[in-house]
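Structural overview
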Amino acid sequence: MRIGELSRRTGTATRLLRYYEEQGLLTPQREENGYREYGEHLVDRVLQIRGLLEVGFPTRIIAELLPCLNQPREIHLQNAFPDKIALLETELARMTERIETLTRNRDAIADYLEAIRVDAAPADVVRGSAALAEK
C-alpha cells in the first residue's frame, strides 16, 4: 500500500509517517520505481507506535522496544538485558507519576466544575433539587 492508504487506515498524517521512518520506527519496502511500499503489518506497527507515544514514550525508547513487540499489547523480550529492564522500570515509574498527576488534575477540574455548576444554578432549580432530596 502507499503512504496515503496507510495514513487513512491508521489516522496518522503522512508527514508523521515519514517522521517515523526518519526515526527508524518504520521501514517500508522500495519498489523498482523507487516508490515506498508499506506492508499490511505496518498498520498494526503504526498503531503501536502511536499508542506508545500517547503514553509518553520518546521515539528513542520506542525504537528499542519495537523489535520486542509482536502483536498489539504483547511484549516479548528474549534475553531481557539489565539495561532494557532498567529502561522499562524508569519509563513505568515516569508513566505512573504522570497518571497520578493527571488524576489529581482531573479530580480538581471535576470539583471545580461541580462547584461552579451549583453556584451558577438558578435558585429555584437548587430549591427544587433540595425538595426532591427531602422526599
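For the structure given in this document, a descriptive report is provided here. (Residues numbered from 1 in each chain as written. Predicted model: local features only at pLDDT ≥ 70, side-chain atom pairs only at ≥ 80, totals over all residues. Heavy atoms only, no water.)

We now examine helix α1 (residues 3-10). The complete set of buried residues in α1 reads I3, L6, S7 and T10. Along the axis of α1, the buried residues cluster in a sector spanning 100°; they form a single face. Buried residues along α1 sit against α2 (14-22) and α3 (41-54). Looking one or two residues beyond α1, the residue adopting positive phi is G11, at roughly 70°. (Buried < 20%, exposed > 50% of the residue type's maximum accessible area, 1.4 Å probe, protein only. Helix = DSSP H or I, 4+ residues; strand = E, 2+ residues; numbered from the N terminus. Arc of directions from axis to C-beta. Contact = heavy atoms within 4.5 Å.)

Our next topic: helix α5 (residues 82-120). Here α5 is 39 residues long and its end C-alpha atoms lie 56 Å apart, about the 57 Å a rise of 1.5 Å per residue gives. Among all positions of α5, only K84, L87, E91 and M95 are buried. Residues of α5 that are buried in the fold lie against α4 (59-65). (Expected span 1.5 Å × (residues − 1).)

Let us look at the nonpolar core. L6, L17, Y20, L26, I49, F57 and I62 are the most contacted members of the largest nonpolar core, which has 21 residues in total. Every element with two or more residues in this core is listed here: α1, α2, α3, α4 and α5. Of the residues forming this core, the biggest block, 5 residues, is contributed by α3. (Core = buried A, V, L, I, M, F, W, Y, C linked by side-chain atoms within 4.5 Å.)

This part is about the environment of I62. Positionally, I62 belongs in helix α4. I62 gets classed as buried once you look at its relative accessible area, which sits at 0%. With 39 residues separating them in the primary sequence, I62 and Q23 have C-alpha atoms 9.7 Å apart. The contacts of I62, once residues within four sequence positions are left out, are L25, I49, L52, L53 and F57.

On the surface, I109, Y112, L113 and I116 cluster together to form a nonpolar patch covering roughly 370 Å² of accessible area. With respect to the helices, strands and loops of the structure, I109 is situated in helix α5. For I109, a relative accessible area of 52% gives the class exposed. (Patch = residues over 30% accessible without salt bridge, like charges linked within 9 Å, V, L, I, M, F, W, Y side chains within 5 Å. Areas by Shrake-Rupley, 256 points an atom, 1.4 Å probe, with all protein chains shown as cover. Salt bridge = Lys/Arg side-chain N within 4 Å of Asp/Glu carboxyl O.)

Take the packing of α1 against α3 next. The geometry of α1 relative to α3 is characterised by a closest axis approach of 10 Å and an angle of 55° between their N-to-C directions. Considering their axes alone, α1 and α3 lie oblique with respect to each other. The two elements α1 and α3 cross, and the hand of that crossing is right-handed. Residue-level contacts link L6, R9 and T10 of α1 to L42, V43, V46, L47 and R50 of α3. (Axes fitted to C-alpha atoms, helices over the stretch in contact; angles between N-to-C directions. Parallel < 35°, antiparallel > 145°, perpendicular 65-115°, else oblique. Left-handed = near helix turned anticlockwise from the far one by under 90°.)

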